[in-house]
Protein chains: 2
Amino acid sequence: MGIDVRTEFDAYIGSGDVTVDARDVTLLRAIDSEGSLNAATDSLGRSYGHAQQRIVELEAAFGSLVDRQRGGADGGGSELTETADELLAAFDRVQTSFEGVAEVAETVLPGALVERDGELATVETPAGRLRALVPSAGDGTVQLTIPADAVTLHEATTAPVPDTTSARNQFAGTVRDIEGGERIARVAVDIGADDPVLALVTEDSRERLALEVGREVTVSFKATATRGVFD
Amino acid sequence: MGIDVRTEFDAYIGSGDVTVDARDVTLLRAIDSEGSLNAATDSLGRSYGHAQQRIVELEAAFGSLVDRQRGGADGGGSELTETADELLAAFDRVQTSFEGVAEVAETVLPGALVERDGELATVETPAGRLRALVPSAGDGTVQLTIPADAVTLHEATTAPVPDTTSARNQFAGTVRDIEGGERIARVAVDIGADDPVLALVTEDSRERLALEVGREVTVSFKATATRGVFD
DNA sequence: CCGCGTTCTACCGACGACGGACCAACGCTT
DNA sequence: AAGCGTTGGTCCGTCGTCGGTAGAACGCGG
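Residues numbered from 1 in each chain as written. Chains lettered and ligands numbered in written order. Predicted model: local features only at pLDDT ≥ 70, side-chain atom pairs only at ≥ 80, totals over all residues. Heavy atoms only, no water.

**Student:** Describe the sheet that holds strand β12 (residues 197-202) of chain A, and please don't skip the residues or the numbers.
**Tutor:** Residues and elements named next belong to chain A. Spatially, five strands are ordered β9-β13-β10-β11-β12 in an open sheet, and the strand pairing comes out antiparallel. The open sheet has two edge strands with one neighbour each: β9 (152-155) and β12. Pairwise comparison of adjacent strand axes, ignoring direction, gives a mean angle of 45° for this sheet. (Pairing = 2+ DSSP bridges. Helix = DSSP H or I, 4+ residues; strand = E, 2+ residues; numbered from the N terminus. Axes fitted to C-alpha atoms, helices over the stretch in contact; angles between N-to-C directions.)

**Student:** Tell me what's going on with the environment of A:Thr202, and back it up with residues and numbers.
**Tutor:** With respect to the helices and strands, the residue A:Thr202 is situated in strand β12. Residues A:Thr202 and A:Ile184, 18 residues apart in the sequence, show an inter-C-alpha distance of 4.3 Å. Sequence-distant contacts of A:Thr202, defined by excluding residues within four places in its chain, comprise A:Arg183, A:Ile184, B:Leu120, B:Arg168 and B:Ala223. (Contact = heavy atoms within 4.5 Å.)

**Student:** How would you sum up the protein's contact with DNA strand D? Please name residues and give values.
**Tutor:** Around DNA strand D sit 23 residues in total, of which A:His50, B:Leu37, B:Asn38, B:Tyr48 and B:Gly75 are the nearest. The sugar-phosphate portion of DNA strand D accounts for 62% of its atoms within 4 Å of the protein, the bases making up the rest. Backbone polar atom of A:Gly72 to a base nitrogen of DNA strand D: 3.3 Å apart, as the coordinates give it. Within the contact set of DNA strand D, a phosphate oxygen lies 2.7 Å away from a backbone nitrogen or oxygen of B:Leu37. (Near = heavy atom within 4 Å. Polar contact = N/O pair within 3.5 Å; in protein donor to acceptor, adjacent residues only side chain to side chain.)

**Student:** Can you explain the relation of the copies chain A and chain B? Please cite residues and give values.
**Tutor:** Take chain A, turn it by 180°, move it 0.0 Å along the axis, and it overlays chain B with an RMSD of 0.1 Å. The two molecules are tied by a two-fold rotation axis, judged by turn and shift. Rotation axis and chain A: the residue whose C-alpha lies nearest the axis is A:Asp10, separated from it by 2.5 Å. (Least-squares fit on C-alpha atoms with pLDDT ≥ 70 in both.)

**Student:** An account of the protein's contact with DNA strand C is requested, with residue identities and associated values reported.
**Tutor:** In the vicinity of DNA strand C there are 22 residues, among which A:Leu37, A:Asn38, A:Arg70, A:Gly75 and B:His50 approach most closely. Counting only the atoms of DNA strand C that lie within 4 Å of the protein, the sugar and phosphate share comes to 61%. Measuring from a phosphate oxygen of DNA strand C, one finds a side-chain N or O atom of A:Arg68 at 3.1 Å. A:Gly71 places a main-chain nitrogen or oxygen 3.1 Å from a base nitrogen of DNA strand C. Secondary-structure elements contributing two or more residues to the surface near DNA strand C are α2 (37-44), α3 (48-62), β3 (66-70) and β4 (76-80) of chain A. When residues of the surface near DNA strand C are assigned to their parent elements, the largest contribution, three residues, is made by β4(A). Its residues placed into classes, the surface near DNA strand C shows three nonpolar, 13 polar and six charged. (Nonpolar A, V, L, I, M, F, W, Y, C, P; charged D, E, K, R; others polar.)

**Student:** How would you explain the sheet that holds strand β10 (residues 169-180) of chain B if you had to name every residue and give the values?
**Tutor:** What holds strands together in a sheet is hydrogen bonding between their backbones, with the strands either parallel or antiparallel. All names here are of chain B. Read across the sheet, five strands follow the order β9-β13-β10-β11-β12 without closing on themselves; strand pairing throughout is antiparallel. Of all strands in the sheet, those with a lone pairing partner are β9 (152-155) and β12 (197-202), marking the two edges. Adjacent strand axes in the sheet meet at a mean angle of 45° when their direction is disregarded. Two strands pair when backbone bridges link them, and β10 and strand β13 (residues 216-221) are joined in this way by six bridges, in the antiparallel orientation. By the bridge assignment, Gln170 is partnered in β13 with Ser220.

**Student:** Hey, could you go over the nonpolar core for me, with residue numbers and the actual values?
**Tutor:** Of all hydrophobic cores here, the largest spans 54 residues; its most connected members are A:Ile31, A:Phe98, B:Ile31 and B:Phe98. Setting aside residues up to four positions removed in sequence, B:Ile31 forms contacts with B:Ser36, B:Leu37, B:Ala40, B:Ile55, B:Val66, B:Ser78 and B:Leu80. (Core = buried A, V, L, I, M, F, W, Y, C linked by side-chain atoms within 4.5 Å. Buried < 20%, exposed > 50% of the residue type's maximum accessible area, 1.4 Å probe, protein only.)

**Student:** Describe in detail the domain arrangement of chain A, supporting the description with residues and values.
**Tutor:** On domain assignment, one finds that chain A holds domain 1 (14-103) and domain 2 (106-230). Computed over C-alpha atoms only, the centres of domain 1 of chain A and domain 2 of chain A are separated by 41 Å. (Domains from an automatic or database assignment.)

**Student:** Which residues make up the pairing of strand β1 (residues 6-15) of chain A, and what values go with them?
**Tutor:** Bridge analysis of β1(A) against strand β1 (residues 6-15) of chain B gives nine bridges, and the strand direction is antiparallel. Looking across to β1(B), one finds that A:Arg6 is bridged to B:Gly14. Here three bridges tie β1(A) to strand β2 (residues 18-20) of chain A, and the two strands are oriented antiparallel to one another. Across the sheet, A:Ile13 pairs through a bridge with A:Val20, a residue of β2(A). Hairpin connection between β1(A) and β2(A): a loop of two residues separates the two successive antiparallel strands, and A:Gly16 in this loop has a positive phi of roughly 65°.

**Student:** Quick one: what's the story with the packing of aromatic side chains, residue by residue and with numbers?
**Tutor:** Each aromatic ring pair is described using two quantities: the centre-to-centre distance and the angle formed by the ring planes. Under the definition given, this model contains seven aromatic pairs over all chains. Ring geometry for B:Phe9 against B:Phe98: centres 5.6 Å apart, planes inclined by 45°, an arrangement best described as tilted. Taken as a pair, B:Phe9 in strand β1 and B:Phe98 in helix α4 (residues 82-103) lie far apart in primary sequence, 89 residues in all. Considered together, B:Phe9 and B:Phe98 belong to a single accessibility category, that of buried residues. Ring geometry for B:Phe171 and B:Phe221: centres 6.1 Å apart, planes at 25°, overall stacked. You can see B:Phe171 sitting in strand β10 and its partner B:Phe221 sitting in strand β13, a full 50 residues away along the chain. Note on B:Phe171: relative accessible area 9%, which makes it buried. For B:Phe221, a relative accessible area of 1% gives the class buried. Taken together through their ring pairs, the aromatic side chains of A:Phe9, A:Phe98, B:Phe9 and B:Phe98 make up a single cluster. (Phe/Tyr/Trp six-rings, centres within 6.5 Å; stacked < 30°, edge-to-face > 60°.)

**Student:** Talk me through the interface of chain A and chain B; I want residue IDs and the actual numbers.
**Tutor:** Contacts between the two partners involve 73 residues from chain A, matched on the other side by 72 residues from chain B. Taken together, the two surfaces of chain A and chain B that pack against each other cover about 6400 Å², and 57% of this comes from carbon and sulfur. On inspection of chain A and its partner chain B, the count reaches eight salt bridges. In this structure, A:Arg168 engages B:Asp204 in a salt bridge whose closest nitrogen and oxygen atoms are separated by 3.7 Å. Applying the counting rule to chain A against chain B returns 28 residue pairs in polar contact (both at pLDDT 80 or more). (Buried area = accessible area lost by both parts, 1.4 Å probe. Salt bridge = Lys/Arg side-chain N within 4 Å of Asp/Glu carboxyl O.)

Right, here's the structure in full:
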């Protein structure tokens, strides 16, 4: 079911009416490594004029980003300010966060909305009722997506009683498949729905829980991490 | 620490060498609601020519998306195929997934890399050692980001023993602050680092765990959900 | 004083994306 | 046969983005 597609994205960080994109970030990085705006632009094969103008725009929103000095023995040069370093770090963080959701496998479950209270909904699925965030308005059937990196597995015998944890969605299931990565395994757990729930687990955890095909486990995931959209 | 910025994104889904963006999606949605390509384009204030051409491109990658019929009593019309519906649903899912990471609060922790095994790293932080995914290569200090919707809280007394769960990162802490939303509360838990760890929790869970400022809890989050980037 | 390599600023041209206009083909109704 | 509103396809003008070029200012060294 469904069609298979790549999921891609462009990340931005913004302040005021300016938004910084990947292009701006590579420019700043090149300035940092080349030591001058000039060297940076032609190492990137880009025009000096627009790059310089762009930096002025960025600085209007974020404050000083590049310490520029013209004249002098070596003709001058530029280096990044602390603000620029923080900006780059912030961009890296959101970039890798987005990469996370883009690359990580997720399982999508069909379901029917039974109740809705603000953004929080309870949905009836083939595996049972669960709670999820559904941001948009609507009614009827929904598709829930559960990111594999938000699913935690427990030994079936020692599962925490639901009242003592904030992970409300808990289901008993049996391991159907394990794809071992280098250090991270992808475990497919059948919880009674058409498709198994995928869980990302470190190899350590896989050994510690003695995960193998056929083993009974309980899977849990937070309501705030599973998101639904209406069909 | 850090500068405050909006985080934004553009989502795409791709197949072959074609990538579908939000513009394409609104076009398809307009065709669906208007009943014809012509009505769709001028309800959007866009040119027919390019829209038609664009659909041909999309269909080259995804197969038939729009059933077009010209001539007839009403002059003809167009409606979406099942494939197009699936495409729209897929786009909605990735869109809301990205919105999730864009809107959800996250806490960033500084740390020092102590070991690294593939993508999996163990990092020394002010709160103790924890395991995280750090995709890029590098060395030295890192910044870990822990999305609030991936943090689960447990009663301090009945925390599951670490060996029985796949959530490896567990810390004892005390609740510092609670921001009550409509149905979802944001709980800040001090675990010994400079900044508290934020956890997104439903109001139900907040009551059930009797969460209030000063209460002792244990927070846990999966290694595969916390991502690190080098400074 | 001149040379150097940089930053600053402005202008031009190429390219792509898009809207707008146009015409043909279609198929049913009248 | 004429009319209608759609789809199919093409062409042109505009606008924004970007590279390229050119010139001025800067400040230190020779």
